[in-house]
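# Observations on the three-dimensional arrangement
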Amino acid sequence: MLCSGNGKHRRSSKATRAIALAGVAGAAIAGPLLAAGNASAATAAQWDAVAQCESGGNWHINTGNGFYGGLQFTNSTWAAYGGTAYASRADLATKGQQIAVAEKVLAGQGKGAWPVCGKGLTSATYNGSAATGSSSGAKSTTPKSTTTRSTEQQAANRSAQRPAPKKTVTTPTGQKVKKGDGEYKVVKGDTLSSIAASHHVQGGWKKLFDLNKDIVQDADLIYPGQQLHLK
């Protein structure tokens, strides 16, 4: 999603995940947004739409491509706009926290920060101060035209930098299987038992299998690249 400058996912039920992926969460984030104290430039429904476009509506996605969370922040953008006050990466922050940071990005860079998915955002000036990585209050001496060109160039390059999230992984035989959107990414040599043991999953491999039945069809067959839920 974003150019440059960076809750743990919990799956209570398949129904909850289905609702999240469908983007039906506008009313649920009103509280976090108000709590963040930002003058919201875009509506909750608009941010849901951006997340649906950027990440399939998964606010805690981490595919390892350098873009994190529902609105696909880079670590540099997340840090530059104060996100590290919430979490080290966007995918580790709550939905409301990600939107609070996104409001600052929208105010600073405009909807072009999401060149493909941000066209429906309502731009407005943010009332707070975006983090700049410097404690100095000195005004930047960078010419405005240079800054504008830099931002536009970064936005134009973003689509090429980030491939669209894949929903499948390829097995050694060339078969396509579901990837999933859990917080743990399977690596070569993993088994459900080893993952359950190393991450202290209560209920062991059987619990892990139950949590991921929509992804794992056979408890003895998991593939590198699949993303499993641990809770």
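Residues numbered from 1 in each chain as written. Predicted model: local features only at pLDDT ≥ 70, side-chain atom pairs only at ≥ 80, totals over all residues. Heavy atoms only, no water.

### A word on the overall build of the chain
Looking only at helices and strands, one finds eight helices and four strands in the chain. Ordered by position from N to C terminus, the α and β elements of the chain give α-α-α-α-α-α-β-β-β-α-α-β. Only carbon and sulfur atoms are counted for the fraction: they give 56% of the accessible area of the chain, which is about 12,000 Å². (Helix = DSSP H or I, 4+ residues; strand = E, 2+ residues; numbered from the N terminus. Areas by Shrake-Rupley, 256 points an atom, 1.4 Å probe, with all protein chains shown as cover.)

### A short note on unusual backbone geometry
The phi dihedral of Q72 falls on the positive side, at around 55°, and the residue is not glycine. On the secondary structure map, Q72 appears in the loop between α3 (44–55) and α4 (75–80). For H200, which is not glycine, the phi dihedral falls at a positive 55°. What makes H200 exposed here is its relative accessible area of 68%. (Buried < 20%, exposed > 50% of the residue type's maximum accessible area, 1.4 Å probe, protein only.)

### Some thoughts on the state of the cysteines
Tallying each qualifying case throughout the model produces one disulfide. Between the sulfur atoms of C53 and its disulfide mate C117 the distance is 2.0 Å. With the S-S dihedral at roughly -65°, the linkage between C53 and C117 falls on the left-handed side. With C53 in helix α3 and C117 in the loop between α5 (95–109) and α6 (144–161), this residue pair connects regions lying 64 residues apart in the sequence. Look at C53 and you get partly exposed, because its relative accessible area is 43%. Note on C117: relative accessible area 12%, which makes it buried. (Disulfide = S-S within 2.5 Å.)

### Points about the side chain of E103
Looking at the element boundaries, E103 is found in helix α5. No salt bridge is formed by the buried E103, whose closest oppositely charged neighbour, K104, lies at an N-O distance of 11 Å. (Lys, Arg positive; Asp, Glu negative; His and termini not counted. Salt bridge = Lys/Arg side-chain N within 4 Å of Asp/Glu carboxyl O.)

### Details of α3
Taking 1.5 Å as the rise per residue, α3 with twelve residues should run 16 Å; its terminal C-alpha atoms sit 16 Å apart, in good agreement. Of all the positions in α3, only A44, Q46, W47, D48, V50, A51, E54 and S55 are classed as buried. Immediately downstream of α3, the backbone of G56 shows phi near 70°, a positive value. (Expected span 1.5 Å × (residues − 1).)

### Some words on the packing of aromatic side chains
Geometry of an aromatic ring pair is reported as the spacing of the ring centres plus the angle between the planes. Here the structure, examined in full by the defined rule, presents two aromatic pairs. Both rings, one in F73 and one in W78, keep their centres 5.1 Å apart while their planes meet at 65°; by these two values the pair is edge-to-face. Take F73: its relative accessible area is 0%, and that puts it in the buried class. Judged by relative accessible area, W78 falls into the buried class, the value being 0%. (Phe/Tyr/Trp six-rings, centres within 6.5 Å; stacked < 30°, edge-to-face > 60°.)

### Here we look at α5
Over its 15 residues, α5 extends 20 Å from the first C-alpha to the last, a length consistent with the 21 Å expected when each residue adds 1.5 Å. Counting buried positions along α5 yields twelve of 15 residues, so the element is predominantly enclosed. Within α5 the residues assigned to the buried category are K95, G96, Q98, I99, A100, V101, A102, E103, K104, V105, L106 and Q109. G110 sits one or two positions beyond α5 and adopts a positive phi of about 80°.

### Description of the confidence of the model for the chain
Looking at the chain, pLDDT values average 72 and 64% of them are 70 or higher. Contacts of residues 5–40 to residues separated by more than four positions or lying in other chains number 72 contacts, the stretch itself having pLDDT below 50. Within the model, pLDDT remains below 50 along residues 125–148, and this stretch shows 16 contacts once partners closer than five positions in the same chain are excluded. (pLDDT = per-residue confidence, 0-100. Contact = heavy atoms within 4.5 Å.)

### Points about the nonpolar core
Core analysis: the largest hydrophobic core is formed by 22 residues, its most contacted members being W47, V50, L71, F73, V105, W114 and L121. Put simply, the parts of the chain that give this core at least two residues each are α3 and α5. At five residues, α5 tops the list of elements feeding residues into this core. In this structure, Y184, I195, F209 and V216 belong to the second largest nonpolar core, which totals 13 residues. (Core = buried A, V, L, I, M, F, W, Y, C linked by side-chain atoms within 4.5 Å.)

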